[in-house]
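Inside the fold
The lines below spell out each chain.
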Amino acid sequence: VGLGLDQPAQAWPAQLDGRVHVAGFSGSGFSAGASGCGAVSFADRAAEAVASGGPDALVVVEGGLNDFDQPGADIAAGFERLMTELDGAEVVVVGPVTAPSRAARVPRVDRLLAQLSRAYGVPYLRTSHLDLPYLEDRLHLTAAGHRELGRFVAERLG
């Protein structure tokens, strides 16, 4: 969603080709407990996001960083719910970046999301190896970091 950017509309999805509809919610994730804001997990918001994108839209689900402290079973349950909501849609899962403030826990989530994506037959795009610039909070990307991430994802989706 571009949290911390002067112009959130310049977040990484702006680098993708075509008409892009962003249905982000800061702090949400695959698991229900990733956010303390109620029912805002990816699965909770998927149906509305897909409806606004049209029936033939590619659904790009990027996340996992906010699931860093959630049990693997909760992440897996949220992923299953999401795949059920997105049944019939073309889906690509983009894994978490390695934000310095959560770097020690990213590999576990990254591995789990890669396994779940394989199990559900959806492509997984690993981003944890990218060396991206972060804001002073060591959690959110700078504008340059968003551009780099967006270009990386766009090239692989191309």
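Now for a quick tour of the structure. Note that this is a predicted model, so its numbers are computed, not measured. (Residues numbered from 1 in each chain as written. Predicted model: local features only at pLDDT ≥ 70, side-chain atom pairs only at ≥ 80, totals over all residues. Heavy atoms only, no water.)

Taken in spatial order, the 3 strands make up an open sheet running β1-β2-β3, and their pairing is parallel. Edge positions in the open sheet fall to β1 (58-62) and β3 (124-125), since each of these has one partner strand only. Two elements, β1 and strand β2 (residues 90-94), share 5 bridges in a ladder whose sense is parallel. Bridge pairing in β2 places Glu62 opposite Val94. (Pairing = 2+ DSSP bridges. Helix = DSSP H or I, 4+ residues; strand = E, 2+ residues; numbered from the N terminus.)

Attention shifts here to the pattern of salt bridges. Summed over the entire model, instances satisfying the criterion amount to 3 salt bridges. Across the pair Arg126 and Asp110 runs a salt bridge, and its minimum N-O distance is 2.6 Å. Linking Arg126 in the loop between β3 and α4 (143-157) with Asp110 in helix α3 (residues 106-120), this pair joins segments that are 16 residues apart in sequence. Given the relative accessible area of 36%, Arg126 is considered partly exposed. (Salt bridge = Lys/Arg side-chain N within 4 Å of Asp/Glu carboxyl O. Buried < 20%, exposed > 50% of the residue type's maximum accessible area, 1.4 Å probe, protein only.)

Taking 1.5 Å per residue as the helical rise, α4 with its 15 residues ought to reach 21 Å, and the 21 Å between its terminal C-alpha atoms agrees with that figure. Taken as a whole, α4 has its buried residues at Gly145, His146, Leu149, Gly150, Phe152, Val153 and Ala154. Buried residues along α4 sit in contact with β2 and β3. (Expected span 1.5 Å × (residues − 1). Contact = heavy atoms within 4.5 Å.)

Turning our attention to the packing of helix α1 (residues 42-53) against helix α2 (residues 72-85). Running from amino to carboxyl end, α1 crosses α2 at an angle of 15 degrees, the nearest separation of the two axes being 8 Å. Compared by their axis directions, α1 and α2 come out roughly parallel. Pair α1 / α2 crosses with right-handed handedness. Along its contact with α1, which presents Phe42, Ala43, Asp44, Ala46 and Ala47, the element α2 presents Gly78, Arg81, Leu82 and Glu85. Tallied by class, residues from the contact of α1 with α2 come to 5 nonpolar, 1 polar and 3 charged. (Axes fitted to C-alpha atoms, helices over the stretch in contact; angles between N-to-C directions. Parallel < 35°, antiparallel > 145°, perpendicular 65-115°, else oblique. Left-handed = near helix turned anticlockwise from the far one by under 90°. Nonpolar A, V, L, I, M, F, W, Y, C, P; charged D, E, K, R; others polar.)

Another aspect to go through is the nonpolar core. Ranked by internal contacts, the top residues of the largest apolar core, which has 20 residues, are Phe30, Val61, Phe79, Leu82, Leu86, Val91 and Leu113. Mapped by element, the contributors of at least two residues to this core are α1, β1, α2, β2 and α3. Of the residues forming this core, the biggest block, 5 residues, is contributed by α3. Apart from residues lying up to four places away in sequence, Val91 is in contact with Leu58, Val59, Val61, Met83, Leu86, Val122 and Pro123. Membership of the second largest hydrophobic core comes to 18 residues, among which are Trp12, Leu65, Val106 and Leu125. (Core = buried A, V, L, I, M, F, W, Y, C linked by side-chain atoms within 4.5 Å.)

Looking now at the environment of Tyr134. In this fold, Tyr134 is placed in the loop between β3 and α4. Overall, Tyr134 belongs to the buried group, its relative accessible area being 16%. When the C-alpha positions of Tyr134 and Ala144 are compared, they lie 8.7 Å apart, and in sequence the two are 10 residues distant. Setting aside residues no more than four positions away along its own chain, Tyr134 makes contact with Val97, Thr98, Ala99, Pro100, Leu139, His140, Leu141 and Thr142.

Shape descriptors only; they carry no functional weight alone.
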